[in-house]
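# Chain and residue survey
Residues per chain, in single letters:
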Amino acid sequence: MQVPYYIDLLGTFVFALSGALAAYGKLLYRDLFGISFTAFITAIGGGTLRDITLGVHPLAWVADGNYLIVIFLGVLTAVSFRKTLLRLRKTLFLFDSIGIGLYTILGVQKSLSFGVHPLAAIILGMFSAVFGGVIRDTLVNEIPLIFRKEIYATACLAGAIVFVVMNRFGISANISSITGILVIIAIRIVSVQYRISLPRIED
Amino acid sequence: MQVPYYIDLLGTFVFALSGALAAYGKLLYRDLFGISFTAFITAIGGGTLRDITLGVHPLAWVADGNYLIVIFLGVLTAVSFRKTLLRLRKTLFLFDSIGIGLYTILGVQKSLSFGVHPLAAIILGMFSAVFGGVIRDTLVNEIPLIFRKEIYATACLAGAIVFVVMNRFGISANISSITGILVIIAIRIVSVQYRISLPRIED
Amino acid sequence: MQVPYYIDLLGTFVFALSGALAAYGKLLYRDLFGISFTAFITAIGGGTLRDITLGVHPLAWVADGNYLIVIFLGVLTAVSFRKTLLRLRKTLFLFDSIGIGLYTILGVQKSLSFGVHPLAAIILGMFSAVFGGVIRDTLVNEIPLIFRKEIYATACLAGAIVFVVMNRFGISANISSITGILVIIAIRIVSVQYRISLPRIED
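So, how was this worked out
- Residues numbered from 1 in each chain as written.
- Chains lettered and ligands numbered in written order.
- Predicted model: local features only at pLDDT ≥ 70, side-chain atom pairs only at ≥ 80, totals over all residues.
- Heavy atoms only, no water.
- Helix = DSSP H or I, 4+ residues; strand = E, 2+ residues; numbered from the N terminus.
- Contact = heavy atoms within 4.5 Å.
- Areas by Shrake-Rupley, 256 points an atom, 1.4 Å probe, with all protein chains shown as cover.
- Buried area = accessible area lost by both parts, 1.4 Å probe.
- Salt bridge = Lys/Arg side-chain N within 4 Å of Asp/Glu carboxyl O.
- Polar contact = N/O pair within 3.5 Å; in protein donor to acceptor, adjacent residues only side chain to side chain.
- Nonpolar A, V, L, I, M, F, W, Y, C, P; charged D, E, K, R; others polar.
- Least-squares fit on C-alpha atoms with pLDDT ≥ 70 in both.
- Axes fitted to C-alpha atoms, helices over the stretch in contact; angles between N-to-C directions.
- Parallel < 35°, antiparallel > 145°, perpendicular 65-115°, else oblique.
- Left-handed = near helix turned anticlockwise from the far one by under 90°.
- Buried < 20%, exposed > 50% of the residue type's maximum accessible area, 1.4 Å probe, protein only.
- Phe/Tyr/Trp six-rings, centres within 6.5 Å; stacked < 30°, edge-to-face > 60°.
- pLDDT = per-residue confidence, 0-100.
- Expected span 1.5 Å × (residues − 1).

## Section: the overall build of chain A
Scanning chain A from terminus to terminus reveals 9 helices and 0 strands. A sequence separation of at least 24 residues applies to 73% of the contacts in chain A between residues at least 6 apart. As displayed, chain A offers around 8,700 Å² of accessible surface, 68% of which is attributable to carbon and sulfur atoms.

So this is what it looks like as structure tokens:
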């Protein structure tokens, strides 16, 4: 699935917006720099880690200034419409789920196109979707979200595995991608709706 | 502006010195390894991140042992003269401001020379100056300095923007660089003197 | 010393196992994802940082799926046999010391083979052994182990220096490597047995 350029920018916008809203919740970071920085880290953190691991140069946001512009637009949107957006918490959650779904499959595809082993491609795909948030949470001294939310990164792994398996069975890239993305979104919605977490390992 | 080799080493020395002093303030890290490690991370963290993002190899401190020697000298100086240095808090603050000013403009120039988009070059320049401190603060479980100080990283962004704009108007690299560096130092001095911070976003 | 492929996998297994046990101790991470993620970060963190710094592509665990399989085996072992393993605390400590010993010397050798300055090779060797744990501790909001244990990373530096010096004097790579590894293990055992730490810098 060749993700059109503008969808890639849209995903960056959504991640920046959610990162800005997350930063806004912490009084310490509530100036324009703190919010912009957190939005930036969340939006490009995972993709940059994946591209550096794959040895890709130049990075998308380094070569093309539109990514930075889109991130700043996400910040402005978050700050200007924060009351409305916080009321639309469900809409935001859906955007976040679509975002990690899209970026997981994008990440897996990109890794496979570099000849990476499928197991590693699945992990890199998951990282490109969630790791921006991990860096952000670590910087602001919080336990990373992937350790807290009900089935967050595991949803990405599941969707990535579905995509890779369907791909191996010769199913078209488009259908495999869409299925993988839907799996991730569905798992997120169900786990949050019914408050399902991975089972703890008992002592 | 072709920064002479020894100025680059001097900047590394200053950053290592300030990092060692910062580590010294935390009882847990007050052995020679903890102080050296923190000084090292502060001194090369930002530049390494920038070079890896640009795909530069080999890194300066990896190919040339003088950088490591200079870092260790910074550690020895900090430990031997800490009482004197802490009394010279203003001198230290000036060195730190000169350091981030110099490394921001250096970083912007290096990025532009790699054909990076100006917006990204500005951000990479800021990162190469302040991110060593961000990694250091994260490792020792403190809120990164860039979120706390009065106008810290934003000063770097301002100076970087000034440099890029002057450059675009055809002003010589030397004058653009010096102006950018002075802008950063001036903003730091004024914001600390008059305790100016970025305005908080009200609720 | 050409470390056979299976020794490399064994070291990865040991690091993953120790990382999983460390995660198990924190209630928050006691699900299969939290334990796997922490094991993964501990096992590949240091080597990935070293390889990215050296500009090595593709990374071992990205190109070869056996590393990921071995990591997951380490997780399964840790979870299935945790009671037995925790009773064998001394055996675990020995494995960990062997692990950091082996990976320090491996890291130094790899760096030197890339023409890196010996001082930088020593530091990169130390990093490839301990930094996985540093990332892990930072992610779970703990002070990194290298700042807490009695003579941990310094042991690695000592062994790395011994290896490099012996190498410079023309002693065979095999003997230099084994000596360096033994130095690291010995320092770890003695410092833990007699509770020796680096001296604090007094005020």
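So, next bit.
## Thoughts on the interface of chain A and chain B
At the junction of the two partners, chain A supplies 29 residues and chain B supplies 30 residues. Carbon and sulfur atoms make up 72% of the surface buried where chain A meets chain B, a total of about 2,500 Å² over both sides. Counting across the interface, chain A meets chain B through 0 salt bridges. One can count 1 residue pair in polar contact (both at pLDDT 80 or more) joining chain A with chain B. Counting residues per element, the side of chain A that touches chain B draws most heavily on helix H2 (residues 32-54) of chain A, at 9 residues. Of the residues belonging to the side of chain A that touches chain B, the class tally is 19 nonpolar, 6 polar and 4 charged.

## Section: the relation of the copies chain B and chain C
Overlaying chain B with chain C gives an RMSD of 0.0 Å, the required rotation being 120° about an axis along which the chain moves by 0.0 Å. Such a turn and shift between the copies fits a three-fold axis.

## Some points on the relation of the copies chain A and chain B
Both copies of the chain are related by one operation, a rotation about an axis with a shift along it. Take chain A, turn it by 120°, move it 0.0 Å along the axis, and it overlays chain B with an RMSD of 0.0 Å. Interface overlap between copies: only 10% of the residues of chain A at the interface are likewise at the interface in chain B, consistent with a contact formed by different surfaces.

## Details of the interface of chain B and chain C
The partner chain C presents 30 residues to the 28 residues of chain B that form the contact. Carbon and sulfur atoms supply 72% of the area buried between chain B and chain C, which totals about 2,500 Å² over both sides. Where chain B packs against chain C, one counts 0 salt bridges. Secondary structure elements with two or more residues in the side of chain B that touches chain C: helix H2 (32-54), helix H3 (60-63), helix H4 (66-80) and helix H7 (118-139) of chain B.

## Quick look at the packing of helix H8 (residues 153-168) of chain A against helix H9 (residues 173-193) of chain A
Residues and elements named next belong to chain A. Axis separation between H8 and H9 bottoms out at 8 Å; the angle between their running directions is 160°. Taken together, the axis directions place H8 and H9 in an arrangement best described as roughly antiparallel. H9 is crossed by H8, and the crossing has right-handed handedness. When H8 is examined against H9, the residues Ala-155, Cys-156, Ala-158, Gly-159, Val-162, Phe-163, Met-166 and Asn-167 are found in contact with a partner set consisting of Ala-173, Ile-175, Ser-176, Ser-177, Thr-179, Gly-180, Val-183, Ile-184, Ile-187 and Arg-188.

## Concerning the pattern of salt bridges
A full pass over the atoms with the stated rule returns 6 salt bridges over all chains. In this structure, the salt-bridge partner of Asp-51 of chain B is Arg-50 of chain B, at a minimum N-O distance of 3.0 Å. Under the relative-accessibility criterion, Asp-51 of chain B is labelled buried at 5%. Owing to a relative accessible area of 9%, Arg-50 of chain B belongs among the buried residues under this scheme. We note a salt bridge from Lys-110 of chain C to Asp-51 of chain C, for which the minimum N-O separation is 3.2 Å. Of this pair, Lys-110 of chain C sits in helix H6 (residues 89-113) while Asp-51 of chain C is found in helix H2 (residues 32-54), placing the two residues 59 residues apart along the sequence.

## Observations regarding the packing of aromatic side chains
According to the stated counting rule, one finds 18 aromatic pairs over all chains in the structure shown. Both rings, one in Phe-40 of chain B and one in Trp-61 of chain B, keep their centres 5.2 Å apart while their planes meet at 90°; by these two values the pair is edge-to-face. Of this pair, Phe-40 of chain B sits in helix H2 while Trp-61 of chain B is found in helix H3, placing the two residues 21 residues apart along the sequence. For the pair formed by Phe-40 of chain B and Trp-61 of chain B, the shared burial category is buried. In textbook terms, an aromatic cluster arises when at least three aromatic residues are bridged by ring pairs, as seen for Phe-33, Phe-37, Phe-40 and Trp-61 of chain A together with Phe-127 and Phe-131 of chain B.

## Quick look at the side chain of Ser-111 of chain A
All names here are of chain A. With respect to the element layout, Ser-111 can be found in helix H6 (residues 89-113). A relative accessible area of 0% places Ser-111 in the buried class. Those residues in contact with Ser-111, other than ones at most four positions away along the chain, are Arg-50, Leu-54, Val-116, Ala-121 and Leu-124.

## Describing the confidence of the model for chain A
Residues and elements named next belong to chain A. Looking at chain A, pLDDT values average 81 and 85% of them are 70 or higher. The spread of mean pLDDT over the elements of chain A runs between helix H5 (residues 82-87), the lowest at 70, and H8, the highest at 94. Here the complex is predicted with pTM 0.77, and the ipTM for its interfaces comes to 0.71.

## Concerning helix H8 (residues 153-168) of chain C
Along its 16 residues, H8 of chain C runs 23 Å from first to last C-alpha, staying within 8% of the 22 Å computed at 1.5 Å per residue. After H8 of chain C finishes, the residue Gly-170 of chain C shows a positive phi value of roughly 85°.

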